[in-house]
Every structure is written in structure tokens, then in C-alpha cells.
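Geometric and topological summary
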Amino acid sequence: MQEFIAQHILPKVTKPSQYIGDEWNIIKKDWDQCRIKSAFLFPDVYEIGMSHLGLRILYHVVNQRDEYLMERSFAPMVDMEELMRARQIPLFSWESYRPLKEFDLLGFTLQYEMSYTNILNMIDLSGIPLRSKERDHRFPLIIAGGPCAYNPEPLADFIDLFVLGEGEEVLLEIMDLLNDEKSKDGAFDKYQFLKKAAQIRGIYVPQFYQPVYLENGLLQEVKVLEADVPEIVYKRVITNFSEADFPEKTMVPHTEAIHDRVMLEILRGCSRGCRFCQAGIIYRPVRERDVEKLLDQAETLIESTGYDEIALTSLSSLDYTCIDPLIKELLKRFQEQKVGISLPSLRVDAFSVDLARKVQQVRKSGLTFAPEAGSQRLRDVINKGVREEDILETVTAAFSQGWTSIKLYFMIGLPTETYEDLDGIADLAAKILGLGRRVKPKGIKKPISITVSASSFVPKAHTPFQWAGQEGANSLREKQHYLKDKFHSMKNVTFNYHDVEVSFLEAAFARGDRRLGDVLEQAWQSGCKFDGWSEHFKYHLWMEAFTACGLDPVFFANRNFGEDEVLPWDHLSSGVSKSWLLKEYHKAIEEKPTPDCRENPCHGCGVCPQMDLWPELLEGRK
């Protein structure tokens, strides 16, 4: 099949190199020598999927085991898919070019609700029935994990089991169980396998749970249908994060990926407690990786890939307690090779110009900060923990050191937001612009420029704002136009904003229940896919799908949930208690911040005792 695709398909598609496979450092195993064959499926195109750190980690973890293999597959672009369907070529893996239907286990990562139609499209393109109940022992098990698995209900009818939490250990436990069950005499019994899998901590098998609805459409309860299946499924976390497996050889794509560089995961989790941030809740508690371990990984990865940039990745890299000595040592070790260091996420209150100057001594780029809200009142509501004086002090220092370009990320439609808060966004940008012009060194001719991006707030499961409905589409559009007018007269300020309809659907699926599975399938059958890409997004087809299924997306996206309401994800737990989330929601309405639990007494979110795991900080260990 590989030769046929190379000769007859790839010459006719855009970016053909993304489908070639055989990248540097990929792992090809003897198919017949491996007992369990799995594939990691990324529901978007190759250049995005190859930037995903989770793919690289799990690919390494599974392929270390001699008896198992993991290969990769991605969503083919539209032109490629059309040719594949016309020639009846099933979706295949990038390593062996084998049809995905021949694998034992297919695993999707769920990073974004607007990729859900791509998941259905990839299953169908593989020649596999869409719904779990239609797949018997002749088909691969289809599993999924990632942040969206914390409310997987819209996908519940299509996925055999979900992994809640970190996958390094539990994925191997699933494969061990699958190996045991497939080694028994007789045909593989999928039902018995799922029964046993559901007893592994972190595994959610939706067919064993049945949602029951009231006449008014609200969820009454989620019934547990089988004995020995937990009423609450708790997430998995890996213990001793510093020593956790990390790939020493990482794949180098043929074509440029979105993030084409070495990635070092310096810490996992975040203790800041921003009330809109799902990642900040579900990856708790904070765990840091040892400096010497990171330095060894960096040396090995640079040598094995030839990359000239190292990204220090995490939810908040400047919170890493040893960030300064780590960067100093990395720069020292890679000075001659001119390897650059990048910090993908920066907090204004943790920013150090001296540190930024060190990081960017190899190559200098603009700085990006995320105040999220324009007024102090609203920053307290969302618990951002950033003051305006922090922001102004930081940008003043940056401009005075020669930076001329700054990006600022905000959200609009946050709970309790008023037009005064929007004025705060414009006022803050104007102050920053003025400061930049005043303190810019005289020798620099390039003008000060600011890019302001405002996304629409999307309430997510397992956050204090899960009860808050998204603001209506018309109201959000008015706010976008209001800000656009504000920035129209500001020279050298660029204002970007997101498509309201995409955010609306994202909110519906982020807070939706199992009934949305029918909408999803209907929309996909009508032609929806790549919904996160503006050129492919077909809003009218989505609205037709909701109508055909007798559901209203406003019910899921815009409605404030009752505080005593049963939520579609109440039977799944990140370890953080629902009562603590509600307490934080009340504090938000009262505009009361909650300080970072690193330097303050425990706030009682519940994750540490529930997981029997405590923050692992290299300095100032609690």
C-alpha cells in the first residue's frame, strides 16, 4: 500500500511529505513479534500532532516494551482523504502503513472539543463501525484520554473506554490486561475485558454507566449498571514524576511542525488556581523534575535530533523553582552549538527581564503575556493573581531593554464582566503603548507594537466556572465590535478576536452530556470536520444537526447550571472536590482571590489526600 500511495496519491496532494513516515528516530518493530499492536491517533493534521508532547512520551513508553508496539496516525487533510476514499484506501499508520483496522488498540488524544468530528471521520476512514456497541472482537478497541476526557460524555457512544489522568502507567496496564485476555483460549471477549478494565483506577467505561434525565431535560442521575464498577472514577497520576520515563530520542518530522524543537517537561501541574483554567485543576498537584535529570535529557535529545532550540514546557514554566540555574546551565552547555532556549508561557508577576535576556541571547523574539482581564476587579474574580503595577513594571523593564513587540492575551465574556472591564483592556493597552514609547532606548528605530488578542470565555468541566453559562453570541459580538472600535484609533496596536460561533459550540460540547453524541454523528454525516479550522467550519450544518436531534445548544452552552444540579461529569473526579470548586465560584462572585497554595496554607481542594500525593518542589518543598 505504501508504494501505491507514494506513486498515485502523494503527487496529487498538498504537503505530501507529512504522509511519508520514516522520520528520524521513529521506531519500527517486527509486527509478528509483538503481541499487542497499538496506534496513537491524533485527530488533526500531522504538523499539529507532531508537536504534541504526550504523543512522544507514550510512543516511547509503549515501545520500550518488547512485546508491544505503538505506531502513529493523523487526520489526513481534505484533499488526501478524498483521494483515499475514491481509491478505497483505509486510514493507515505512519510506521508500517498497515490499515488501522488490523491493530489491537487505537488511542485518541482529546485536546479540543472541536476535533470530535475528526475522530468520527478517522474511525470511519479506517473501515471501523463508529459506535462502540457495533464493534465486536474483530475490531480494535478504541480508547481516548487527554483533558477533554474529564467530560467525555458527548463521545461516550463511540469510545470503548476513557483514560482519566496521566497515561504513562495506566496505558501499559490496559495493554497487559488486553494481552492476558487475548492469550486465553477462544475468541476475545470484549465485554469481559471492559469489565476488568473498569476496575483499574483511572479507567472509565461508559457502557457501564447510564444517564437518566428528567422531563425538563436536566440530568437526574448517572446509574452504575454493573457490580464491581466504581461509582466515582478517579484520575491517575504518576508518582515520582522526576524519575518518570521521558524519551531520550524524539522523532524529527520531515515537514515543519507547529513546534519543531526539543521539548523538556520541567514540571507538571499548576498551583495558581485561575478559576477559568481546566488544566490548572486537572493536572494538580505540582511536581517538578530534577535539574540534573533535565540537563541529561537536554544533552541526549540535542545529540539525537540536531535541533537548535529547547522549549521548557509546562503550564507555567517561570514557576519552576530552579528555573534560573537551569537556564544558566543550559546556555553554558549549548553555547558553542548556538542552541536557543524558549519559554512558551510567561506570567507577568513571575517575569524577570534578566532571565528573558539570558533566554533570548541566541535569538530574540517578542514577549507574550496573558493578563486575561483588563481590570483589577475582574482579575480578582478569575483569580489571576496579577496586579496592574506588575504588568506595567514588567513591560517597562522589557521595553527599556530593547524589546519592541509585546502580545497580550485577554478573554471576554468572563463571569461578572461589564463594559468597564472592557475599557480596562483598551486602557491597559494604551498605557503599555505609551510606556514603551517613553522608555524605548534612543538607538532603536523600530516602533513599539502591541498585539491584543481576545478570545471568548468557554466554561469547562471541573473548574470553579463550570456552573457559569457562556455569554450569548450576540452579546459577545457586540463586545468584540466595542473593543475593535476602541483599538481602531490606536496606531501600532493590532486587535484579534475569535469566531463566536466556534466558541459557542466548544462550550456546548465542553458542558454537554451523552445526548450530544447523536448531534455529533449527524453533523459529521452532513460534512462537518476540521471544525477548529475557519476555512472548514460549517456553522449552519451544526445548527441543522441540533435541530434534527431535537436539542438546543443554548441549553448546554449558555445556561447557568444550578448549584445542586447533577452535572454530566460528576461521576468522574480529578481529585479536586466539587464542594471546593463551588466555594471558589462563590468567592469569584464576591471578587475574593485565593492565593497560590505554594506559599500559603493549604486551601483544601482535596487533590493531595485523594491522590495520596503531595507537591514535589525542588526548593521550598512543602
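Residues numbered from 1 in each chain as written. Predicted model: local features only at pLDDT ≥ 70, side-chain atom pairs only at ≥ 80, totals over all residues. Heavy atoms only, no water.

**Focus on the environment of His 481**
The condition that has to hold: Here a helix means four or more residues in a row that DSSP labels H or I, a strand means two or more in a row labelled E, and each is numbered from the N terminus.
Take His 481: it is sitting in helix 15 (residues 473–488). Taking C-alpha positions, His 481 is 9.7 Å from Tyr 497, a pair spaced 16 residues apart along the chain.

**What about the pairing of strand 3 (residues 105–109)?**
On any regular strand, side chains alternate: one points to one face of the sheet, the next to the other face. Stated formally: Each residue gets one of three labels from its accessible area relative to the maximum for its type: buried under 20%, exposed over 50%, partly exposed in between, using a 1.4 Å probe on protein chains only. Any two strands with at least two DSSP bridges between them are considered paired. The definition of a right-handed crossover adopted here requires that, viewed with the strands pointing away, the path from the first strand over the helix to the second runs clockwise.
Taking burial as the measure, the 5 residues of strand 3 include 5 buried ones, the bulk of the element. The side-chain alternation of strand 3 yields two buried faces, one formed by Leu 105, Gly 107 and Thr 109 and the other by Leu 106 and Phe 108. Alignment of strand 1 (residues 36–42) against strand 3, held across 4 bridges, turns out to be parallel. Bridging across to strand 3, Ala 39 finds its partner in Leu 106. In terms of strand pairing, strand 3 meets strand 4 (residues 141–145) through 5 bridges, oriented parallel. Bridge assignment links Phe 108 to a residue of strand 4, and that residue is Ala 144. Of the crossover connections in this fold, the one passing from strand 3 over helix 5 (residues 116–125) to the parallel strand 4 is right-handed.

**Let's talk about the sheet that holds strand 2 (residues 68–74)**
Whether parallel or antiparallel, the strands of a sheet pair through hydrogen bonds between backbone atoms. Short version of the rule: Here, residues are in contact when the closest pair of their heavy atoms is within 4.5 Å. Comment: axis = line fitted to C-alpha atoms, over the contacting stretch for helices; angle = value between 0 and 180 degrees taken between N-to-C directions.
On the basis of which strands lie adjacent, the open sheet formed by 6 strands has the order 2-1-3-4-5-6 and mixed pairing. Looking at which strands have only one partner, the edges of the open sheet turn out to be strand 2 and strand 6 (203–204). Lying over the sheet, helix 5 contacts strand 1, strand 2, strand 3 and strand 4, oriented at roughly 160° with respect to strand 3.

**Structural notes on the nonpolar core**
Our working definition: Here, nonpolar core means buried Ala, Val, Leu, Ile, Met, Phe, Trp, Tyr and Cys residues that are tied together by side-chain atoms lying within 4.5 Å of each other.
Membership of the largest hydrophobic core comes to 145 residues, with the highest contact counts inside it found for Phe 108, Leu 155, Leu 161, Phe 193, Ile 310, Leu 312 and Trp 542. Apart from the residues within four sequence positions on either side, Trp 542 is in contact with Thr 117, Leu 505, Phe 509, Val 519, Leu 520, Ala 523, Cys 528, Asp 531 and Phe 537.

**Digging into helix 18 (residues 539–548)**
Residues separated by three or four positions in an α-helix point in the same direction, a consequence of the helix having 3.6 residues per turn. Spelled out, the test is: Taking the helix axis as origin, the arc is that swept by the directions to the C-beta atoms.
Here helix 18 has its buried residues at Leu 541, Trp 542, Ala 545 and Phe 546. Projected down its long axis, helix 18 carries its buried residues within an arc of 140°, all on one side. Away from its buried face by more than 90 degrees, helix 18 exposes Thr 547 and Ala 548. Where helix 18 is buried, its residues contact helix 5, helix 16 (500–510), helix 17 (516–526) and helix 19 (553–557). With its phi angle positive at about 70°, Gly 550 sits one or two positions after the end of helix 18.

**Here we look at the packing of helix 17 against helix 18**
When two helices pack together, their arrangement is given by the angle between the helix axes and the distance between those axes. Test applied: Roughly parallel refers to an angle under 35 degrees, roughly antiparallel to one over 145, roughly perpendicular to one between 65 and 115, and oblique to any angle outside these ranges. Crossing handedness: left-handed means the near helix sits turned counterclockwise from the far one by under a right angle, and right-handed means the same turn made clockwise. Residues are sorted three ways: Asp, Glu, Lys and Arg are charged, Ala, Val, Leu, Ile, Met, Phe, Trp, Tyr, Cys and Pro are nonpolar, and all the rest, Gly among them, are polar.
Contact pair helix 17 / helix 18: the axes reach a minimum separation of 8 Å and the direction vectors enclose 135°. With respect to each other, helix 17 and helix 18 are oriented oblique. The handedness of the crossing between helix 17 and helix 18 is right-handed. Across from Leu 516, Val 519, Leu 520, Gln 522, Ala 523 and Ser 526 in helix 17, the residues of helix 18 making contact are Leu 541, Trp 542, Ala 545, Phe 546 and Ala 548. The residue makeup of the contact of helix 17 with helix 18, split by class, is 9 nonpolar, 2 polar and no charged.

**Quick word on the side chain of His 462**
Here is the rule: Each polar contact in these results corresponds to two N or O atoms within 3.5 Å; when the atoms are within protein, one needs to be able to donate a hydrogen and the other to accept it, and residues that are neighboring in sequence are counted only if both atoms are side-chain atoms.
Within the fold, His 462 resides in the loop between strand 17 (449–456) and helix 15. Only 2.9 Å separates the side chain of His 462 from the backbone oxygen of Tyr 150, close enough to count as a polar contact.

**Details of unusual backbone geometry**
Omega for the bond connecting Arg 284 with Pro 285 falls within 30 degrees of zero, at -5°, which places this linkage in the cis form. Mapped onto the secondary structure, Pro 285 falls in the loop between helix 8 (278–282) and strand 12 (287–288). With a phi angle near 60°, Asn 383 is a residue other than glycine that sits in the positive phi range. Note that Asn 383 resides in the loop between helix 12 (376–381) and helix 13 (388–400). A positive phi angle, near 65°, is found at His 462, a position not held by glycine. We classify His 462 as buried; its relative accessible area is 5%.

Read these as spatial facts, not as claims about activity.
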